[in-house]
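Listed below, chain by chain, are the residues.
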Amino acid sequence: MNIAVYFLFALSGFAGLIYEGSWARYLKLFLGHSSYGQVLTLCIYMGGLAIGSFIAGKWVTKTKRPLLGYGIVELFIGIGGIAYHPLYNFLTGIFYDSQFTASLSSRSAEIVKIILATGSTLPIAIAVGMTFPFIAAGLMRKSGAELSLPMLYFSNSLGSAVGILATSYLLIPEIGNHLTLCVAASINFLLAAIFSVIGLSTSPIAKENVSENLNCDYVKTHHLAMPPKNLWVWIAALTGLTSFVYEIVWIRLLSLLMGSSSHSFDQMLSAFILGLALGSAVSGKWIRKDSLVILSLAQIFMAFFALCTLYFHKPFWMMMNEANQIFNPTSDGYICWSLFKYALSVLWMVPTSFFAGMTLPLITLILTRAYQSEAPIGKVYGWNTLGSILGSAGGGLLLLPILQLKGALVFAAILDFSIGFILLAVYRKRFRHHVLFYVAAIAMILPAFFVQFDPHLITSGAFRTYKNLHPDEKIRVIDGKTATISFHESPVHYYIKTNGKADASLEKDRNAPISSDELTQAATAFMPMAVKTEPYDAAMVGFGSGMGAHYLLADPLLQKLDCVEIEEAMMELARGFYPWNRRGYDDPRIHIFIDDATTFFHTNHSRYDMIISVPSNPWVSGVAGLFANEFYAKMRRYLKPGGLWVQWIQTYEFNDLMFFNILKALDENFPYVSLYKSTDEPDIIMIASDEPVYQKGISRFFSDSTLAQEFKSLHRDPEFFGERNFLFTNQMVKNLMEGVSPNSVFIPLVDSRAEEARFVHSEAHIVEVFDSCEVCWQEFLDSADYAKRRPARVKSMLAAVPNHFTEISLLAFSDDLLQKAKNSKQENAADSLRLDSLESSAEYAEFREMYFEYIFAIPLEARDSNAVYQKVRDAVFANAFPKSFADEFSILEFARQKNYADAAIRIADFYDQYELSDMGKIFLRDCVILSLLAGEANLADIIYKDAIQKNEKFALVEKRLIEREIKKMRLRGL
């Protein structure tokens with residue numbers, strides 16, 4: 001019977017951590033940052049456990065059927081789980097729609113947020129807290145076995161450790177947050193039914209009728225001294241506090257080690273709980289020993305192993321670094337790497353949390369023996385949980401910013417060590433007079449005052465790629481409330497990191513054209529700036545390096561810039577980029593707010609002509625929420641009519657499906673979205689509005705002296721960030737977005753898959769599909785829109801400096817072929833022999849490759865005036881080239897003339913005569929698009945199935961685009 005109960009209580013723990021994992025995701029959206037969401041979730045969850053334990057501890061002494069009471073509690077938990085999602089939407093809707101909350105200050109609004117979050121979550125947490133006293137009392141009354149207490153802690157904690165992993169890797173990715181809560185509720189309903197049957201079918205046993213034949217009390221038998229009973233609840237509170245300070249510190253450290261993804265956080269929590277479970281199980285083996293000594297030693301070893309994470313942190317970073325060399329960047333490799341990460345979490349956390357897990361059962365055991373009753377169970381559990389709340393809230397919001405990582409860790413360890421040391425020294429003489437006891441104590445604690453966390457090591461970002469763990473650079477680190485920020489100066493550049501992940505960089509050489517990350521930062525300012533022709537107000541979500549704000553403030557039309565940055569340490573360390581980001585600090589038009597973006601906009605009472613968001617990579621926990629449907633819906637409220645929403649997104653460590661999940665979310669909130677590539681960088685700039693987006697104001701970059709001077713300092717052309725970078729609009733890819741789900745906070749499609757995309761080094765190929773072309777998709781998908789943007793692209797292509805050596809070589813080879821053709825005609829020689837010999841020659845193969853590479857850089861519209869093209873065309877007409885070359889040339893000649901019907905005829909002939917699958921990717925793309933432009937869906941389909949469908953050079957997203965456009969054209973033809 002007991003074994004079945006342990007298994008069922010493990011299921012309860014499984015469901016409990018589903019709630020905690022899901023709540024963290026809900027609350028980080030509402031509070032605006034994953035760190036705050038995790039801290040508040042821990043506080044509410046642990047606070048609920050405390051309140052529930054106190055309540056149940058009072059009630060359990062008065063009930064004759066505690067197992068029935070447990071079943072009723074599980075029923076209420078299940079009801080709460082079902083109701084949570086609609087209740088959350090209702091309460092958050094009230095907040096964002098209320099004029100009252102909008103009239104509050106930012107801090108007051110945050111308080112209201114916390115009240116609403118607590119009100120929606122705390123009742124369920126209280127019910128969860130009531131489960132342990134009821135089930136513990138039920139088992140103790142049935143068997144009178146104290147062993148049931150540690151085993152209950154163990155089974156519940158083990159279920160919790162598994163539950164958070166299942167939530168992270170299986171449930172939420174597959175069914176979303178809402179249905180995941182329904183799964184947990186179903187488990188609660190099952191437990192309610194089972195325990196209601198058990199409770200009703202067993203005879204009622206009052207507490208006073210329980211046999212007091214408990215296991216042998218070693219302390220009582222040997223007349224050993226013990227502290228006052230009330231002191232134990234304080235010890236329970238302190239050990240709860242220290243345990244969660246460790247957890248908060250370790251979550252930050254392991255984020256630096258393993259990456260701050262949602263999966264990493266869940267692995268850390270699971271490993272911590274696993275240690276608690278193992279410690280609880282082992283504590284049951286020591287119930288016949290001196291419980292005070294066992295508890296005191298557990299406190300001491302808990303402190304020692306916590307400090308060991310300081311003493312021996314370097315091997316962990318080295319192992320993670322080497323893992324980049326061991327695990328292949330594949331889906332299978334990701335599974336192995338995830339298991340490796342979990343193993344590191346276990347190695348890091350379990351030695352300490354193992355001893356932490358022993359403390360609560362032992363304190364409960366001491367007090368149940370002292371009171372000869374199960375009444376202290378709720379009291380101990382409650383005080384321990386209150387300590388946990390103080391540890392999680394105080395650790396994250398006070399200790400980390402004030403004492404930093406090492407200080408917070410050492411503070412908690414000394415507190416733990418002191419508890420164990422004082423108990424042994426005061427209440428057990430054999431320790432008090434033993435010199436070795438003091439020597440061991442000094443040896444455990446003293447190194448903490450001399451060993452430091454290696455700043456180069458912990459901020460290296462070893463989780464991302466193989467690194468030189470000690471580069472030649474200066475570094476400054478600040479552990480902030482939400483993240484650890486580090487500023488680095490290498491011999492060639494400056495850069496800033498968040499939790500070990502580089503977020504912005506700046507080249508030291510300011511005489512060279514800006515490049516790398518600075519290009520994207522500049523693009524987020526200049527691309528939307530080019531849309532504006534009238535004075536405007538703007539807001540920016542995220543300060544970062546401050547370069548984006550600096551460039552935006554170069555615009556004389558900008559009247560005000562409100563910049564919202566959630567981490568104060570970022571503002572402090574970004575000063576390292578000064579004076580190059582000086583406007584971000586000195587310009588009177590900028591106003592800096594340290595706040596969550598959603599709260600700021602809600603309480604600021606302002607609407608803007610432009611809002612720019614510069615988030616980190618989507619695999620970072622909480623960041624994917626900034627690309628979510630719900631976030632876009634909120635942000636649109638704060639835009640004026642015609643206002644611009646501007647956001648960058650990285651295409652590296654990403655994939656096309658996630659990109660379209662995000663674009664679909666944007667598309668559902670904004671009727672017009674224009675997307676631009678960040679020149680020379682793997683990033684996309686998305687500009688959304690309720691009006692069509694064109695860079696109609698880019699002429700200001702030439703005419704305005706301030707802006708012209710700014711571009712001179714950048715060593716870039718004023719049109720560098722213009723329409724030449726245009727990719728497509730949301731209207732162009734409507735067909736491609738059909739059937740794609742929008743990224744949502746409640747169904748976090750991006751957050752769940754982004755870490756794997758980062759690990760396998762995948763990338764979104766959408767830029768190459770729309771940017772690498774002769775005949776471009778935009779011409780087919782929306783020729784009217786593209787006609788307005790194409791001239792800028794043509795101009796930039798023509799402005800590129802040609803390779804004169806290549807031109808001379810191509811002209812010389814073409815002249816030589818022309819001369820040979822003339823000679824052959826005069827001699828009445830057979831052309832076929834000459835051309836066959838030419839086609840098989842190495843010189844022709846080299847020419848062909850060189851020519852197509854050269855001519856690809858010349859836009860179709862300008863080829864007629866290009867000397868090389870003219871010469872080659874003359875040679876083609878003179879029958880100087882092999883027929884295959886001439887046929888290929890004629891297809892693109894008709895494309896240049898926009899004679900798509902004749903181009904399609906030539907393509908069909910080409911298909912009949914040659915092996916199309918042997919042709920290059922650009923030519924095949926040309927053929928498909930030209931066929932569609934000619935209205936020849938069947939021809940496009942033949943080309944696709946014969947040469948593209950199984951061609952690995954084509955990205956899946958382009959294959960899907962071809963399939964859908966062919967299908968659409970056929971349906972339109974019907």
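Remember, it's a predicted structure, so these values are computed and weren't measured experimentally. (Residues numbered from 1 in each chain as written. Predicted model: local features only at pLDDT ≥ 70, side-chain atom pairs only at ≥ 80, totals over all residues. Heavy atoms only, no water.)

1. So, the overall build of the protein chain
- The helix and strand tally for the protein chain stands at 39 helices and 12 strands.
- Taking the principal axes of its C-alpha atoms as reference, the protein chain extends roughly 125 × 60 × 60 Å.
- A total of 974 residues make up the protein chain; the buried ones form 61% of that total.
- Partitioning the contacts of the protein chain with sequence separation of at least 6, the portion at a separation of at least 24 is 78%.
- Split by element, the accessible area of the protein chain, about 37,200 Å² in all, is 61% carbon and sulfur.
- Of the charged side chains in the protein chain, 85 are positive and 95 negative, and the gap between their average positions amounts to 10 Å. (Helix = DSSP H or I, 4+ residues; strand = E, 2+ residues; numbered from the N terminus. Buried < 20%, exposed > 50% of the residue type's maximum accessible area, 1.4 Å probe, protein only. Contact = heavy atoms within 4.5 Å. Areas by Shrake-Rupley, 256 points an atom, 1.4 Å probe, with all protein chains shown as cover. Lys, Arg positive; Asp, Glu negative; His and termini not counted. Charge placed at Lys NZ, Arg CZ, Asp CG, Glu CD.)

2. With respect to the sheet that holds strand β5 (residues 536-541)
- Judged by pairing direction, the sheet is mixed, and its eight strands sit side by side in the order β7-β6-β5-β8-β9-β11-β10-β12 without closing on themselves. Strands at the two margins of the open sheet, each flanked by one partner only, are β7 (590-594) and β12 (726-729). Direction aside, the axes of adjacent strands within the sheet are offset by 20° on average.
- Strand direction decides the pairing type here: β5 and strand β6 (residues 558-565), joined by six bridges, are parallel. Residue pairing across strands places Met540 opposite Cys563, the latter belonging to β6. (Pairing = 2+ DSSP bridges. Axes fitted to C-alpha atoms, helices over the stretch in contact; angles between N-to-C directions.)

3. Let's talk about the nonpolar core
- Leu552 and Trp777 are the most contacted members of the largest nonpolar core, which has 292 residues in total.
- Core analysis: the next-biggest nonpolar cluster, separate from the first, contains 24 residues, Leu817, Ala875, Val876 and Phe881 among them. (Core = buried A, V, L, I, M, F, W, Y, C linked by side-chain atoms within 4.5 Å.)

4. Some thoughts on the environment of Phe813
- Here Phe813 shows up in helix α31 (residues 804-826).
- Placed 31 residues apart in sequence, Phe813 and Tyr844 show a C-alpha to C-alpha distance of 8.7 Å.
- Every residue in contact with Phe813, bar those within four places of it in the chain, is listed here: Leu838, Glu843, Tyr844 and Phe847.

5. With respect to the sheet that holds strand β4 (residues 501-507)
- Sheet architecture is open: four strands sit in the order β1-β2-β3-β4, paired in antiparallel fashion. In this open sheet, the two strands that pair with only one neighbour each are β1 (474-479) and β4. Strand-to-strand, the axes of this sheet are offset by a mean angle of 15°, without reference to chain direction.
- Pairing of β1 with strand β2 (residues 484-489) involves six bridges; the strand directions are antiparallel. Along β2, the bridge assignment pairs Ile478 with Ile485.

6. Considerations on the side chain of Gln695
- Counting through the fold element by element, Gln695 comes out in the loop between β11 (683-689) and α24 (700-703).
- At 2.8 Å, the side chain of Gln695 forms a polar contact with the backbone nitrogen of Glu723.
- Setting aside anything within four residues of it in sequence, one finds Gln695 in contact with Met527, Ala530, Val531, Tyr676, Phe721, Gly722 and Glu723. (Polar contact = N/O pair within 3.5 Å; in protein donor to acceptor, adjacent residues only side chain to side chain.)

7. Concerning unusual backbone geometry
- In this structure, Pro579 follows Tyr578 across a cis peptide bond, with omega equal to 10°.
- Of note, Pro579 is situated in the loop between α19 (568-573) and α20 (583-586).
- The phi dihedral of His715 falls on the positive side, at around 60°, and the residue is not glycine.
- Here His715 is to be found in the loop between α25 (705-714) and β12.

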